[in-house]
Amino acid sequence: MKINKTYRSLLDKSINSMLSAIEIYNKPNFSYREETFAILAVNAWELILKAFLLKKYNYKITHLYVMDFVLKQNGEKSARKKPRLNRAQNPMTIGIFETIKKIEEKGINLSSNIKNSIESLVELRDNAIHFHNEKEISKELQELGFACIKNYMNIIKEWEVDIDLSKYNFYLMPLAYVDSKVDVSSITTDEVKKYIDFVKNKVDNTTDDDYTIAISIDIQFNKSNSFDSINFRYAEDGIPVNLSEEDIRNRFPFDTRKLVANAKKRYLDFKQTTLFHDAMRHIKLNEKLCYNRKLDPENIKSMNKPFYSANVWAELDKTFTKKGKTTNI
């Protein structure tokens, strides 16, 4: 199928911008790490949102331009509009927030967490001049980065964007590996405090489980062995992974009661009917989605209780209608 060249170019530039942001962030010694990540990540979001908008308007490029009314000879505005030109005399395009506004005018609801995440990165980009020592909030900024990448990948999947994510590695290196001494002696400036308060207010108003504003990643180093852990291997040639009981609980956080309670909040048409039970029978056969844990791990005769991964929602989304679901790109 033939794809519009401008649309394809926007998608390619978007994915390359996000990959560049990650690559620069993961460099072992880069003093402008967080600010550069924010610049490139915001650019990646702007491009993919513009690609979405362009397709929604049947590839009419003028919908991406800043349009001004044409003036009549008497100075009054006419009904016609023309693109505003930049200093190079090329059409000026709309910004990221205007793009979001126009998307929502098409009846597509973007998660408030996505908008807050983008706004937090934009504020980081625009206020970078005030951060005299970005290390003083490097952990907080990285949490924004983790959420940004997760949201970006989720929107590609939800909108079914023509991007093959399996070709790319979206790995942001934890600070424990970037720099083992993340605590620094410094005075937090008023500007930094204002930015932290700004982001904290966004995080406190989180409304969506699928999209997030900040993700905390904790790394612990210890001398304990993993011989008593549970061994997993999903593919014959896969890398074996050892999971402790605590890891299992983190990986499979939902029991049936909690799963049902969250499903009622997530779906418009959710009911515990045969449709639900059929879907759950299929899910229980997938060891990536369901783990039968003994209620007493030390008792071999203990009863089993099923626990479910957060990825279970991707399967249930195929059966039930998600609240506020966006239209595919």
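Note: the structure precedes this text.
Heads up: these notes are all about the structure in this document. Note that this is a predicted model, so its numbers are computed, not measured.

1. Things to note about the overall build of the chain
Argument step 1. Helix and strand counts for the chain come out as 11 helices and 6 strands.
Argument step 2. Here the chain holds 329 residues, and 39% of them are scored as buried.
Argument step 3. Pairs at least 24 residues apart make up 70% of the contacts formed inside the chain by residues separated by at least 6 positions.
Argument step 4. Here the chain displays about 20,400 Å² of accessible surface, and carbon together with sulfur accounts for 49% of that area.

2. A short note on the pairing of strand 1 (residues 67-71)
Argument step 1. Here 4 bridges tie strand 1 to strand 2 (residues 77-83), and the two strands are oriented antiparallel to one another. Bridging from a neighbouring strand, L71 pairs with K77 of strand 2.
Argument step 2. Linking two consecutive strands that pair antiparallel, namely strand 1 and strand 2, is a turn of 5 residues; a positive phi of about 90° is found at G75 within it.

3. Focus on helix 2 (residues 33-56)
Argument step 1. The terminal C-alpha atoms of helix 2 lie 35 Å apart, and with 24 residues this matches the ideal 34 Å at 1.5 Å per residue to within 8%.
Argument step 2. The element helix 2 is largely enclosed, with a buried count of 19 among its 24 residues.
Argument step 3. Positive backbone phi, at 55°, marks N58, one or two positions downstream of helix 2.

4. Structural notes on unusual backbone geometry
Argument step 1. Phi at N58 takes a positive value of approximately 55°, unusual for a residue other than glycine.
Argument step 2. Positionally, N58 belongs in the loop between helix 2 and strand 1.
Argument step 3. Although it is not a glycine, Q89 adopts a positive phi angle of roughly 65°.
Argument step 4. When you line up the elements, Q89 lands in the loop between strand 2 and helix 3 (96-105).

5. Here's the deal with the environment of P306
Argument step 1. Residue position: P306 is located in strand 6 (residues 304-308).
Argument step 2. Through-space distance from the C-alpha of P306 to that of F254 is 8.6 Å; in sequence the pair is 52 residues apart.

6. Here's the deal with the packing of aromatic side chains
Argument step 1. Across all of its chains, the model carries 10 aromatic pairs by this definition.
Argument step 2. For the ring pair Y7 and Y59, a centre distance of 5.8 Å and an interplane angle of 70° mean the geometry is edge-to-face. A residue pair is termed long-range when its members are at least 10 positions apart, and Y7 in helix 1 (residues 5-25) and Y59 in the loop between helix 2 and strand 1 qualify at 52 residues.
Argument step 3. On the basis of relative accessible area, Y7 is assigned to the buried category, the value being 3%.

7. Re the packing of helix 3 against helix 4 (residues 112-126)
Argument step 1. In contact at an axis separation of 11 Å, helix 3 and helix 4 are set at 165° when each is read in the N-to-C sense. When the axes of helix 3 and helix 4 are compared, the pair comes out roughly antiparallel. In this structure, helix 3 meets helix 4 at a crossing whose hand is left-handed. Touching I96, F97, I100 and E104 of helix 3 are K115, I118, E119 and V122, all from helix 4.
Argument step 2. Counted by class, the contact of helix 3 with helix 4 contains 5 nonpolar, no polar and 3 charged residues.

So, how was this worked out
Residues numbered from 1 in each chain as written. Predicted model: local features only at pLDDT ≥ 70, side-chain atom pairs only at ≥ 80, totals over all residues. Heavy atoms only, no water. Helix = DSSP H or I, 4+ residues; strand = E, 2+ residues; numbered from the N terminus. Buried < 20%, exposed > 50% of the residue type's maximum accessible area, 1.4 Å probe, protein only. Contact = heavy atoms within 4.5 Å. Areas by Shrake-Rupley, 256 points an atom, 1.4 Å probe, with all protein chains shown as cover. Pairing = 2+ DSSP bridges. Expected span 1.5 Å × (residues − 1). Phe/Tyr/Trp six-rings, centres within 6.5 Å; stacked < 30°, edge-to-face > 60°. Axes fitted to C-alpha atoms, helices over the stretch in contact; angles between N-to-C directions. Parallel < 35°, antiparallel > 145°, perpendicular 65-115°, else oblique. Left-handed = near helix turned anticlockwise from the far one by under 90°. Nonpolar A, V, L, I, M, F, W, Y, C, P; charged D, E, K, R; others polar.

Interpretation note: all reported values are geometric properties and have no functional meaning in isolation.
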